[in-house]
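# Coordinates in review
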Amino acid sequence: MAKKNGVARLVLVVLIGLIFVIVANLWVKQGALITLSCQVAMSVPPVPAVGVLLLLLPIIPLTRRIGIGRREVMAIYCFLTLAVALTSGAAMRFFLPALTTPSYFASPENDFAQFLDYIPHWMVPHGETMIRDYFEGSPTGATPWGPWLGPLGIWMLFFACFFGFLICLAAVFRPVWEDGEHLAFPVAEVPLMIAGYREDTQGMWRDGIFWVGFGLVCIHHLLNILNAFNPAVTCLGMSTDLGALFQEWPLTTLRPLLFRYYPFVFGVAYLMPTDIALSTVVFYFGYSKALSLGGAMVGINTPGFPFIMEHASGAFFGMALILVYGARHRFAEVFRRLTGASNGSKLLPVAMIACLVGVYIFCRLSGMNTWLFVLFYSLLIAFAISSTRIRTEGGFTSNWTFPLEQAQSALINFAGTDRLKAMAGMRGLTALTTQYYLTRGYMPQLMAFMADAFKIGGLAKITTRRMAVLLLLAVIIGTGVSWWMHVSSAYQYGSNILEGGTTSGGARVMLMRRAYEDLASWTVAREGPDRPRATAAIVGLIIVIAIAALRRAFLRFPLHPLGFLMCFTGGGVNAWGPLLTIVIVKGIILRLGGMRLYRRLIPLLIGMAMGRFFAAGLVWGVSGGCGGAGFREYRVWF
């Protein structure tokens, strides 16, 4: 009976989640595709998920009558964090142009037509009129679903296997990181505090200091909004450019140097280990910016120097090696279950192998050979593991903490286009380009939401198996609803003008077009390895391993390897200001009042985080999505 009751509650959670996912997609359509006022699906966690949590928690006494208690509300929240994230600009909105760009933009000048021979017929929709209407809008606004259903059905199998593997991977790391290393999971802590799972913050909603932080951030955004309509209104804005202070060479190489005002980063960074926040700032200025300045002073003028993303690729790969090695006993225990040498269910290792085999079969049928598959997906999964560790240990609230494009670029930097063509052939490189969205977007990094969900599930008494099923359903439902919204919107308005496009597509279409232009250049290029960029990747790998070794050898070593990873990505470039501020503030608080004062001020910082979601996400996200062109003057990016 208990099992049947649990299944019934799971079905109810999924049905409620489906309703909110549909509403969230309609919200994203207005705010992110049409008016561009607010990217609510890109935030961490997604704004609609937080909104639903804040909506359902106060009415639990009423929803208990239909079987929705606090545990089910947390399950709905976990479902939405993943399902809504999949509809963002760096996920499924990025995937769809990969199927249509080479057909629509093919011309004698770019040779895109040749790639159509390398792309299997079952992978993409076909029909000249259907493709044209996708970009230019259908005369009737109707969506011709017939040509789309077959390819999207096959791609759904791929995404179910791909994300299924990441769910299994998160489940493997869960006991190592939660029970063994006792990581903080700061992002997961915020909804747990809001829902009353932490004794220190159970009365947070009645705490005046919470509302002080909440009110300050709401006033900040209110002034920004008023300034967008009337520039005479004084406001703080979203950032201050300190790079303007440096006007002479070589100090100009320190640009850009933006101090951004990220209230949610302020709030969650308060829960972040201080050594990670401090290390990020130290490495950002002491290594990343120092390389730029030092290179200019000694006359280095190599394009792309100091190869920030290449450094990041090596550092992220090195960190993944460290993390997998640290969890080696857990991996061995899981896979020994297959032979009966270890107790426990065989479902996890079987599911993990089945999902990986499914991804491999799809890639082989699409044109990748085994070597290209192993290299590309090893990098993707390594970046996913390291990004998840940044979220679970450091709690940095951004999906962009990963090496952009490097899962593809690293192959070219180390092998060169000539050798890569010889190894994979143009059919293989075309298959690689059709999956460009995986390395330029943040789909693999959504593994962090899965890890947070397992953490929340543990405290909400949701079993790991049931949470895994819920997350897989979130992937399938979130992907399907996202495709429905994006494809129908394209035929209604024309993909060329959505997301700020003019006549050649919005941001995601332009990125995919550039990817196919790069592929066209590989057909004629005979270039060897890019040694400076490859060297930068190797240096990044060596440094992060050295930092990890020093922390193991010297317990008081102040720098953290995750800070080195973050300094090259969103943590350094976008958030060095909030992180530095929080380090200073926490130091003052601990010196003046110790841990007692530190705990007392947690509601203040959580209030600031919630104020950001309420004012910039919920209020402005809704009003901006319903508004006209004037609402584009204040664009909120998370």
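Everything here concerns the structure above.
Residues numbered from 1 in each chain as written. Predicted model: local features only at pLDDT ≥ 70, side-chain atom pairs only at ≥ 80, totals over all residues. Heavy atoms only, no water.

Using the criterion set out here, one finds 6 cavities of 30 Å³ or more in the structure. In this model, the largest cavity occupies a volume close to 140 Å³. Taken together, 13 residues line the largest cavity, and the ones lying closest to its centre are Leu-33, Arg-93, Tyr-134, His-486 and Ser-495. When residues of the lining of the largest cavity are traced back to their parent elements, those giving at least two are helix H20 (464–493) and helix H21 (507–524). Looking at the lining of the largest cavity residue by residue, the class counts come to 7 nonpolar, 3 polar and 3 charged. The calculated volume of the second largest cavity comes to roughly 60 Å³. Lining the second largest cavity, in full, are Pro-45, Tyr-77, Cys-78, Thr-81, Val-187, Ala-188, Pro-191, Phe-449, Asp-452, Ala-453 and Ile-456. (1 Å grid on protein atoms, 1.4 Å probe; cavity = no way out; pocket = protein on both sides within 12 Å on 5 of 7 lines; lining within 4 Å. Points joined across faces, edges and corners; volume = space filled by probe spheres on them. Helix = DSSP H or I, 4+ residues; strand = E, 2+ residues; numbered from the N terminus. Nonpolar A, V, L, I, M, F, W, Y, C, P; charged D, E, K, R; others polar.)

So, on to unusual backbone geometry. Excluding glycine, residues mostly have negative phi values, and the peptide bonds linking residues are mostly trans. Here the residue pair Val-44 and Pro-45 is connected by a cis peptide bond, since its omega of -10° sits within 30 degrees of zero. With respect to the element layout, Pro-45 can be found in the loop between helix H1 (2–34) and helix H2 (47–56). Note that the residue after Trp-249, namely Pro-250, is joined by a cis bond; omega there is 5°. Here Pro-250 is to be found in the loop between strand E1 (239–241) and strand E2 (258–260). For His-182, which is not glycine, the phi torsion reads 55° and is therefore positive. Of note, His-182 is situated in the loop between helix H8 (146–180) and helix H9 (186–194). What makes His-182 exposed here is its relative accessible area of 61%. Here the phi dihedral of Lys-461 falls at roughly 60°; this positive angle occurs in a residue that is not glycine. With respect to the element layout, Lys-461 can be found in the loop between helix H19 (447–459) and H20. (Buried < 20%, exposed > 50% of the residue type's maximum accessible area, 1.4 Å probe, protein only.)

What follows covers the nonpolar core. Grouped together as the largest cluster of nonpolar side chains are 216 residues, with contacts concentrated most on Phe-95, Phe-158 and Phe-163. For this core, the element with the highest residue contribution is H8, accounting for 20 residues. Once residues lying within four places of it in the same chain are set aside, the contact partners of Phe-163 are Leu-86, Met-92, Met-443, Leu-446, Met-450 and Val-475. (Core = buried A, V, L, I, M, F, W, Y, C linked by side-chain atoms within 4.5 Å. Contact = heavy atoms within 4.5 Å.)

To continue, consider the pattern of salt bridges. According to the stated counting rule, one finds 18 salt bridges in the structure shown. A salt bridge links Glu-72 to Arg-9; the shortest N-O distance between them is 3.2 Å. Residue Glu-72 is found in helix H4 (residues 70–85), and its partner Arg-9 is found in helix H1; the two are separated by 63 residues along the sequence. Between Arg-513 and Glu-517 there is a salt bridge whose closest N-O contact spans 4.0 Å. Taken together, the residues span about one helical turn, with Arg-513 and Glu-517 both in helix H21 at a distance of 4 residues. Glu-517 gets classed as partly exposed once you look at its relative accessible area, which sits at 39%. When salt bridges with common partners are traced through the structure, they connect Arg-9, Arg-71 and Glu-72 into a single cluster. (Salt bridge = Lys/Arg side-chain N within 4 Å of Asp/Glu carboxyl O.)

With the rule as written, the count across this model stands at 52 aromatic pairs. Lying over the aromatic face of Tyr-325, Arg-328 brings its terminal NZ or CZ to 4.0 Å of the ring centre. (Phe/Tyr/Trp six-rings, centres within 6.5 Å; stacked < 30°, edge-to-face > 60°. Lys NZ or Arg CZ within 6 Å of the ring centre and 35° of its normal.)

Below, the discussion takes up the packing of H8 against H20. Remark: H8 packs on H20, axes separated minimally by 10 Å, with the N-to-C direction vectors making an angle of 145°. The crossing of H8 and H20 is right-handed. Here Trp-148, Leu-152, Trp-155, Met-156, Phe-159, Ala-160, Phe-163, Gly-164, Ile-167, Ala-171 and Arg-174 of H8 come into contact with H20, specifically with Thr-464, Ala-468, Leu-471, Leu-472, Val-475, Ile-476, Thr-479, Gly-480, Trp-483, Val-487 and Tyr-491. The residue inventory of the contact of H8 with H20, partitioned by class, reads 17 nonpolar, 4 polar and 1 charged. (Axes fitted to C-alpha atoms, helices over the stretch in contact; angles between N-to-C directions. Left-handed = near helix turned anticlockwise from the far one by under 90°.)

The next subject is the side chain of Lys-289. Relative to the elements of secondary structure, Lys-289 occurs in helix H12 (residues 274–297). Despite its burial, Lys-289 pairs with no opposite charge; the closest candidate is Asp-241, at 8.8 Å N-O. For Lys-289, the contacting residues outside a window of four places in its chain are Leu-254, Arg-255, Pro-256, Leu-257 and Tyr-284. (Lys, Arg positive; Asp, Glu negative; His and termini not counted.)

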